[in-house]
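Spelled out, the chains give:
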Amino acid sequence: MSKVKSCIVCSKSITNRRCDAKTCSNSCRTALWRLSNAGPISIKVVISTLQYNQLKADADDIGVLINQLIIARSIKPFNSIGGSV
Ligand SMILES: [Zn+2]
């Protein structure tokens, strides 16, 4: 039995998408694309070892780098900002 994957952007379950999908919807895919095309800045984040290990495990589960996971979880899909979902 395969493990249910979670969307890298909103953490919802990914269903009815390609097996290599990292997002649950076109909205989340677009949000992720916008992020990857924005100019980078560098920030320092302090987290516990426990938090790091959980983030690393989550990132490994979906095959992304830990910074990609943190970035994706920090944004909302474009159409959910300020609207009713
Ligand atoms: Zn999503």
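Before any of the text, the structure's been laid out above.
Residues numbered from 1 in each chain as written. Predicted model: local features only at pLDDT ≥ 70, side-chain atom pairs only at ≥ 80, totals over all residues. Heavy atoms only, no water.

Asks: Looking at this model, I keep getting lost on the coordination of the zinc ion. Mind explaining?
Replies: For the zinc ion, every protein donor is listed as Cys7 (SG), Cys10 (SG), Cys24 (SG) and Cys28 (SG), and the spread of their distances is 2.3 Å. Seen from the zinc ion, its four donor atoms lie at angles of 99 to 115 degrees, and the figure they make is tetrahedral. Summarised as a motif, the one-chain spacing of the donors to the zinc ion is C-x2-C-x13-C-x3-C. Judged by relative accessible area, Cys10 falls into the partly exposed class, the value being 27%. (Donors = N, O, S within 2.8 Å, 3.2 Å for Na, K, Ca; no water. Tetrahedral: all angles 85-135°; square planar, octahedral: opposite > 155°, others 65-115°. Buried < 20%, exposed > 50% of the residue type's maximum accessible area, 1.4 Å probe, protein only.)

Asks: How should I be thinking about the pattern of salt bridges in this particular structure?
Replies: For side chains of opposite charge, pairing can occur when their charged atoms come near one another. Counted according to the given criterion, the structure contains three salt bridges. In this structure, the salt-bridge partner of Arg18 is Asp20, at a minimum N-O distance of 2.8 Å. Relative accessible area serves as the criterion here: at 63%, Arg18 is assigned to the exposed category. Residue classification places Asp20 among the partly exposed positions, given a relative accessible area of 41%. Of the charged contacts, one joins Lys56 and Asp60 as a salt bridge, the two residues approaching to 3.0 Å between their closest N and O atoms. Residue Lys56 and its partner Asp60 are both found in helix α2 (residues 49–62); the two are separated by four residues, about one turn of the helix. Among the residues examined, Lys56 registers a relative accessible area of 32% and is labelled partly exposed. (Salt bridge = Lys/Arg side-chain N within 4 Å of Asp/Glu carboxyl O. Helix = DSSP H or I, 4+ residues; strand = E, 2+ residues; numbered from the N terminus.)

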